[in-house]
Amino acid sequence: MPYGPHTGDDRARMLEALGLTSVEPLFADIPTAVRAHGLDLPGPLPELELAQRLETLAARNQTGLASFLGAGVYRHYLPPVVDQMLLRGEFYTAYTPYQPEISQGTLQTIYEYQSMLAELTGLDVVSASHYDGASATAEAALMTVRATHRTRVLVSRAVHRHYVEATRTYFRGAELILDEIPTRDDGTTDLAALERELADPSRPVAGVVMGQPNAFGLLEPMADAARLAHAAGALFVAVVEPVSLAVLAPPGAYGADIAAGEGQPLGIPPQYGGPYLGILACTQPLVRQIPGRLVGATTDAEGRRAFVMTLRAREQDIRRERAASNICTNQALCALAATVYLATIGPHGLRDVAAAGAARARRLEDALTEAGAPRLHSAPYLNEFAISVPDAARVHDALLARGVLAGLPLGTWYPDDPLLRESLLVCATEVTTDDEIRRFGDALHDILADDAQDAAAQAGSGRYAPSGARS
Amino acid sequence: MSADPVGQTLPAAPNLGPRTAVGPSLQPTLAELSRPGRGGNKIPHPPANALAGIPARHRRDGTPALPELNELEVVRHFVNLSHLNYGVDTGFYPLGSCTMKYNPKLNEWAARLPGFAALHPLAPDAVAQGTLELLWETEQWLAEISGMRAVTLQPAAGAQGELTGILMVRAYHEARGDHERREVIVPDSSHGTNPATASMAGFTTVTVPSAADGGVDLDALRAALGPHTAAVMLTNPSTLGLFEARVVELLEAVHAVGALAYMDGANLNAVLGKFRPGEAGFDVMHFNVHKTFSTPHGGGGPGAGPVGVGEKLQPYLPGPRVVRDDDGPFRLERPDERPASIGRVRAYQGSAGVYVRAYAYLRAHGGSGLVEVSEDAVLAANYLKSRLRGTYEIPYDRPCKHEFVASGEALKIETGVRTLDVAKRLIDKGFHPPTIYFPHIVEECLLIEPTETESVETLDAFADALLAIAAEAHEDPELVHSAPHTAPVRRLDEATAARQPDLHWRAMTGVETPCPT
Amino acid sequence: MDVPDGLRYTDDHEWLRVEGDAGVVGITGYAADQLGDIVFVELPAVGAHFERGKTFGVVESVKAVSDLFAPVAGAVMEVNPALADQPELVNTEPYGAGWLVRLRLSDPAQADALKDAAAYREMTKAG
């Protein structure tokens with residue numbers, strides 16, 4: 001066994017203390033009918049071979065691409081300080097801080113995380129974190145229901161598809177209603193439609209959920225939407241991206257009651273899907289409704305300032321079936337990554353990361369427009385936007401073959417929308433290079449030019465070339 | 001947050017206790033260490049007009065008031081905070097139901113390989129073949145370990161796995177046209193997440209008592225079962241560390257009324273290769289990979305909670321799963337391939353970074369190694385129990401599995417020293433306390449789980465410490481009442497922390513120095 | 001702490017002080033001790049009506065939570081405003097300043113079915 005310490009002598013000694021000669025009697029209470037006899041699995045791999053196997057697998061992922069893929073997970077520069085702090089065994093092998101006297105490291109870093117996210121979001125109460133942006137959004141939606149005792153939530157069509165889907169799944173369990181508000185041609189949420197839905201007296205709304213930036217990368221009229229929600233007695237939930245909060249007005253400034261979001265951009269690598277960091281924050285009056293762990297400052301018996309998990313009676317181990325949520329974890333190590341990242345990069349640095357992304361994105365827009373793919377929407381964006389590309393899925397494949405990961409074909413998320421089917425969602429960050437932008441622009445130009453040539457040739461020969469059968 | 005109206009006054013220095021050259025010292029917060037103009041300089045400055053395209057109404061007023069420290073101060077801050085923490089790498093964690101086994105360092109190296117770490121979750125399948133293969137293989141291994149037909153890796157934690165499983169149960173009954181199943185039954189020894197999960201999924205929780213032998217009271221269960229029962233959630237071995245000897249009858253009773261059986265897999269470390277829940281008849285279960293499969297607890301997360309299902313629930317699994325077409329490349333399932341799926345419970349496919357670690361653990365052990373894990377875990381628990389017997393009551397004194405309960409009730413009656421005090425005194429002896437006051441059905445409960453990665457010397461030292469504390473309780477109870485004495489802080493005022501919550505530092509005033517050009 | 005005479009008591013450790021067709025409700029010192037340091041009390045809205053035995057609120061301590069059950073049927077006329085800032089009054093003065101709600105009793109005779117002080121003392125000594 002690779003990590004067990006017991007020698008034959010150790011086992012013999014323990015067995016002797018029990019008056020046994022083998023461990024079999026210790027499993028005798030498993031009924032014969034359900035007793036298993038080993039596992040049909042390969043044998044152990046010595047560490048050297050295991051390391052080789054892992055390297056082989058890692059090498060099968062293509063990492064040399066010029067990537068413009070965002071859609072909720074973003075490439076950023078990760079200062080090595082972050083990972084070196086995460087590798088400290090006292091942090092990553094620690095348990096949940098139920099014994100605060102020997103967990104002040106974990107507890108203080110969570111308090112610091114809560115404090116910095118409170119500043120970024122402009123909201124007073126920040127939970128120690130949830131699993132990811134999607135579950136945080138679902139929990140935020142559930143909070144609006146609990147707080148208002150209403151059963152209907154409105155979510156903009158321009159909120160991240162996965163967040164909406166996860167909320168729908170959570171709502172099914174609770175028998176709640178989730179209705180979508182459409183978007184306008186400019187890519188932002190249709191506030192007139194929102195107002196109409198809010199005005200229906202027979203179906204009062206608990207909460208309104210919108211993203212800033214939204215899932216198309218665009219900036220939404222959040223203050224106006226919050227006003228509409230409040231006028232109808234509903235709460236307003238903002239789904240936010242944390243780096244953008246360095247330069248965009250935060251949820252607290254435009255009247256959001258709750259903020260949810262994905263903290264991955266703060267020092268956490270993409271890792272093909274997680275573990276990530278669910279941001280959940282709310283105004284002070286909602287503090288008893290917020291699910292998940294909270295850390296507070298207090299004093300010890302000798303007056304020292306120290307930190308402890310607090311407002312525990314909200315949580316599942318005490319409230320059991322009356323708990324607001326069954327959540328037991330917080331993504332503590334991911335919250336630590338965000339805390340170290342923010343401490344390292346600093347407020348000016350974070351602003352620079354956001355601004356550099358915006359600057360790179362404008363260069364990207366120019367290059368792609370020149371290549372024949374202008375923006376689809378007209379609303380302002382920060383560092384992500386959709387471009388119009390005929391036969392987008394096939395073009396995406398063709399670009400991949402030329403070493404460019406050209407964002408996300410929006411038809412993946414909106415298969416029934418003809419305009420979005422013919423578009424790619426692309427982003428740039430501070431790590432996007434001019435060379436990568438040039439590669440993308442040149443490759444796209446060539447592909448579109450070839451396509452145009454093909455189409456012209458086909459038209460000339462009287463045969464119509466179908467515009468591609470990718471689904 | 002409201003800023004200090006008087007301007008940039010630094011907060012009064014908190015009482016941090018004495019500093020020492022080596023050894024843990026309390027630390028100021030990042031806000032207290034911050035000085036304007038320090039730090040940063042990690043990336044080049046963007047052009048001055050970078051944000052010109054953002055309309056003023058969307059812009060933040062000023063720069064966020066975040067701490068400014070240079071790199072050395074950041075490093076010292078977190079290094080010194082780490083000294084205030086206890087981890088598995090520091091010492092023994094006998095926490096029942098947590099399985100605090102060693103976190104292998106190879107796994108940390110593997111998860112950080114750029115091929116794994118830099119991969120975007122929406123990357124096309126062709127780009128992600130390495131991770132897809134790893135995830136697919138992990139699913140196969142978990143299916144074999146559990147005897148389940150299929151596994152989803154999507155849930156981000158055990159609790160989310162529970163929710164996923166119970167939502168699938170709900171979908172199953174709805175698909176059968178049975179809308180009367182509104183109840184989920186749990187034993188009184190269940191983990192708090194079980195009833196909380198049932199509530200989230202829209203069910204009422206019915207609690208059945210445990211029998212005198214610690215197992216589920218079969219008669220009480222039969223009385224509670226009926227056409228309103230959607231599922232029964234069982235932990236096996238139970239939270240008392242006992243294998244449910246009547247599991248066959250229990251499963252029969254559950255299925256006889258048309259309900260489904262859910263197994264909380266938190267205690268799987270006890271029965272690897274000895275008991276396969278799917279094979280025994282459980283319809284669905286979740287795994288806690290941060291328990292059984294060594295992925296680090298991280299101070300409270302992240303974990304992962306994959307869910308295994310039998311035939312009945314396969315159609316409802318959240319998607320997309322990783323599939324392989326006839327020895328061809330790996331890919332993600334398309335939505336149309338699982339039309340009855342309950343949908344997703346989170347974004348993307350699952351916490352692949354956690355599964356790299358779990359996969360490495362599984363491959364390092366192989367099937368035979370996993371069986372040895374359970375054998376050693378169970379042996380260690382029984383050995384430790386034998387050392388404590390006679391000093392602490394052992395309410396269920398028969399062979400346990402990987403954990404056991406002891407009670408400090410007699411100690412409390414004789415000396416006034418409670419289990420809480422014993423736990424805090426263990427800190428002075430150099431150990432993290434075990435789980436206390438859970439499960440609720442044992443008075444002054446200690447739930448102790450050594451795991452298979454602790455040496456006999458460690459087990460003996462822990463037993464010696466518990467015996468010594470029992471003696472101290474008789475000779476000098478005040479010493480135990482007022483423990484811990486040697487930790488960086490003494491017992492904390494949790495009442496004030498709850499009555500007047502202080503959840504973030506007082507707002508720093510806005511960053512005054514303009515961004516350097 | 002002494003169990004005051006003159007109050008009526010429930011099996012769930014609430015007390016009731018009848019004042020004509022009104023009644024003041026609180027939890028007993030025994031219950032407060034069991035819960036430990038009380039950190040929050042969730043009280044109903046004025047005007048809400050509760051049948052006997054129904055949950056009218058929740059009391060939370062550092063490590064536990066407990067429902068509050070209406071000892072008799074009634075409508076809420078007043079809730080104790082002091083508890084929002086000083087929940088600890090339930091620990092220090094459970095029969096006085098730590099009162100919870102004042103009800104208009106739907107049926108004052110229901111109070112007769114509750115225990116008197118002597119019976120409650122017996123119950124808590126045994127339990």
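Just above, that's the structure.
Draft legend 1. Here's a closer look at the overall build of chain B. When you go through chain B residue by residue, the secondary structure sums to 17 helices and 12 strands. Taking 24 Å as the expected radius of gyration for a compact globule of 517 residues, we find that chain B reaches 26 Å, a close match to that expectation. With the C-alpha coordinates aligned to their principal axes, the bounding extent of chain B is approximately 75 × 70 × 45 Å. Looking at chain B as a whole, 66% of its 517 residues are labelled buried. Sequence separation of at least 24 residues holds for 72% of the intrachain contacts in chain B that already meet a minimum separation of 6. When the 45 positive and 61 negative side-chain charges of chain B are each reduced to one mean point, those points stand 5 Å apart.

Draft legend 2. Structural detail: the overall build of chain C. Scanning chain C for helices and strands turns up 3 helices and 9 strands. The secondary structure elements of chain C, listed N-terminal to C-terminal, are β-β-β-α-β-β-β-β-β-α-β-α. Against the compact-globule benchmark of 14 Å for 127 residues, chain C has a radius of gyration of 13 Å, which places it among compact chains. Principal-axis analysis of the C-alpha atoms places the extent of chain C at approximately 35 × 35 × 20 Å. Taking all 127 residues of chain C together, 49% fall into the buried category. Taking the contacts inside chain C whose residues are at least 6 apart along the sequence as the reference set, 62% of them involve residues at least 24 apart.

Draft legend 3. Structural context of the interface of chain B and chain A. Across the boundary between the two partners, chain B contributes 204 residues, which contact 187 residues of chain A. Carbon and sulfur atoms supply 63% of the area buried between chain B and chain A, which totals about 16700 Å² over both sides. Across the contact surface, chain B and chain A share 16 salt bridges. One salt bridge connects Arg60(B) with Glu119(A), and the closest N-O pair in it is separated by 3.7 Å. Summed over the shared surface of chain B and chain A, the number is 95 residue pairs in polar contact (both at pLDDT 80 or more). Considering every element that reaches the side of chain B that touches chain A, the biggest residue donor is helix H12 (residues 352-388) of chain B, with 25 residues.

Draft legend 4. Spotlight on the sheet that holds strand S2 (residues 183-187) of chain B. Residues and elements named next belong to chain B. One open sheet holds the 7 strands; their spatial order is S1-S7-S6-S5-S4-S2-S3, and the pairing between them is mixed. The open sheet has two edge strands, strand S1 (150-152) and strand S3 (204-208), and neither has a second partner. The sheet shows a mean angle of 25° between the axes of neighbouring strands, direction not considered. Relative to S3, S2 runs parallel, the two sharing 5 bridges. The partner of Val186 across the bridge, within S3, is Thr207. Helix-sheet contacts for helix H9 (residues 247-256) involve strand S4 (229-235) and strand S5 (260-264), and the interaxial angle to S5 is about 135°.

Draft legend 5. Structural detail: helix H14 (residues 419-428) of chain B. Burial runs high along H14(B): 9 of the 10 residues are buried. In the stretch just after H14(B), Gly430(B) is the one whose phi turns positive, near 95°.

Draft legend 6. Representation of empty space enclosed by the protein. Applying the stated criterion across every chain, the model contains 12 cavities of 30 Å³ or more. Considered as a void within the structure, the largest cavity measures approximately 290 Å³ in volume. Along the walls of the largest cavity sit 22 residues, with Gly72(A), Tyr74(A), Pro213(A), Asn214(A) and Glu241(A) positioned nearest its centre. Elements represented by at least two residues in the lining of the largest cavity include exactly strand S5 (205-212), strand S6 (235-240) and strand S7 (258-262) of chain A. Considering only residue class, the lining of the largest cavity consists of 11 nonpolar, 8 polar and 3 charged. In terms of lining residues, the second largest cavity is bounded by Leu135(B), Glu139(B), Thr152(B), Leu153(B), Gln154(B), Pro320(B), Arg321(B), Val322(B), Gln349(B), Gly350(B) and Tyr355(B). Residue classes in the lining of the second largest cavity are distributed as 5 nonpolar, 4 polar and 2 charged.

Draft legend 7. Region of the structure containing the pattern of salt bridges. Taken as a whole and assessed by the stated rule, the structure comprises 77 salt bridges over all chains. The closest approach of N and O atoms between Asp132(A) and Arg346(B), which form a salt bridge, is 3.8 Å. With Asp132(A) in the loop between strand S2 (125-126) and helix H6 (133-148) and Arg346(B) in the loop between strand S9 (330-332) and H12, this pair bridges two chains. Comparing Asp132(A) with Arg346(B) shows no difference in burial state: the two are buried. Residues Arg276(B) and Glu279(B) are paired through a salt bridge, measuring 3.2 Å at the closest nitrogen-oxygen approach. By relative accessible area, which is 15% here, Arg276(B) ends up buried. Among the charged side chains, a salt-bridge network with shared partners connects Arg53(A), Arg60(A), Glu133(B), Glu137(B) and Arg363(B).

Draft legend 8. Representation of the packing of aromatic side chains within the structure. For the structure shown, the criterion picks out 18 aromatic pairs over all chains. Summarising the aromatic geometry, the rings of Tyr3(A) and Tyr102(B) are spaced 5.7 Å apart at their centres and angled 55° between planes, so their arrangement reads as tilted. Separated into two different chains, Tyr3(A) in the segment before helix H1 (8-17) and Tyr102(B) in the loop between helix H2 (71-82) and helix H3 (105-111) make up a pair that spans both. Overall, Tyr3(A) belongs to the buried group, its relative accessible area being 18%. You can call Tyr102(B) partly exposed: its relative accessible area is 28%. When the ring centre of Phe27(A) is taken as origin, the NZ or CZ atom of Lys274(B), which lies over that ring, is 4.8 Å away. The aromatic ring of Trp136(B) is capped on one face by Arg324(B), whose charged end is 5.5 Å from the ring centroid.

Draft legend 9. Structural view of the interface of chain C and chain B. Contacts between chain C and chain B engage 7 residues on the former and 4 residues on the latter. Summed over both sides, the interface of chain C with chain B buries roughly 450 Å², with 61% coming from carbon and sulfur. On the chain C side of the contact with chain B, Val39(C), Val62(C) and Glu88(C) bury the most area, a combined 70% of that side's loss. Scanning the region where chain C abuts chain B turns up 1 salt bridge. Classifying every residue of the side of chain C that touches chain B gives 4 nonpolar, 1 polar and 2 charged.

Draft legend 10. Looking closely at the sheet that holds strand S8 (residues 74-79) of chain C. Residues and elements named next belong to chain C. If you trace the 6 strands from one edge of the open sheet to the other, you get S1-S2-S3-S9-S8-S5, paired in antiparallel fashion. Because the sheet does not close on itself, it has two edges, and the strands there are strand S1 (8-9) and strand S5 (49-50). As defined by bridge partners, strand S2 (residues 14-19) adjoins strand S3 (residues 22-27) across 6 bridges and the pair is classed as antiparallel. In the strand pairing of S3, Val18 is matched with Gly23.

Draft legend 11. Quick peek at the environment of Asp2(C). All names here are of chain C. Its place among the elements puts Asp2 in the segment before S1. Assessed through its relative accessible area of 66%, Asp2 is described here as exposed. Residues Asp2 and Arg104, spaced 102 residues apart in sequence, show a C-alpha to C-alpha distance of 27 Å.

Rules behind the numbers
- Residues numbered from 1 in each chain as written.
- Chains lettered and ligands numbered in written order.
- Predicted model: local features only at pLDDT ≥ 70, side-chain atom pairs only at ≥ 80, totals over all residues.
- Heavy atoms only, no water.
- Helix = DSSP H or I, 4+ residues; strand = E, 2+ residues; numbered from the N terminus.
- Rg over C-alpha atoms; globule rule 2.2 N^0.38 Å.
- Buried < 20%, exposed > 50% of the residue type's maximum accessible area, 1.4 Å probe, protein only.
- Contact = heavy atoms within 4.5 Å.
- Lys, Arg positive; Asp, Glu negative; His and termini not counted.
- Charge placed at Lys NZ, Arg CZ, Asp CG, Glu CD.
- Buried area = accessible area lost by both parts, 1.4 Å probe.
- Salt bridge = Lys/Arg side-chain N within 4 Å of Asp/Glu carboxyl O.
- Polar contact = N/O pair within 3.5 Å; in protein donor to acceptor, adjacent residues only side chain to side chain.
- Pairing = 2+ DSSP bridges.
- Axes fitted to C-alpha atoms, helices over the stretch in contact; angles between N-to-C directions.
- 1 Å grid on protein atoms, 1.4 Å probe; cavity = no way out; pocket = protein on both sides within 12 Å on 5 of 7 lines; lining within 4 Å.
- Points joined across faces, edges and corners; volume = space filled by probe spheres on them.
- Nonpolar A, V, L, I, M, F, W, Y, C, P; charged D, E, K, R; others polar.
- Phe/Tyr/Trp six-rings, centres within 6.5 Å; stacked < 30°, edge-to-face > 60°.
- Lys NZ or Arg CZ within 6 Å of the ring centre and 35° of its normal.

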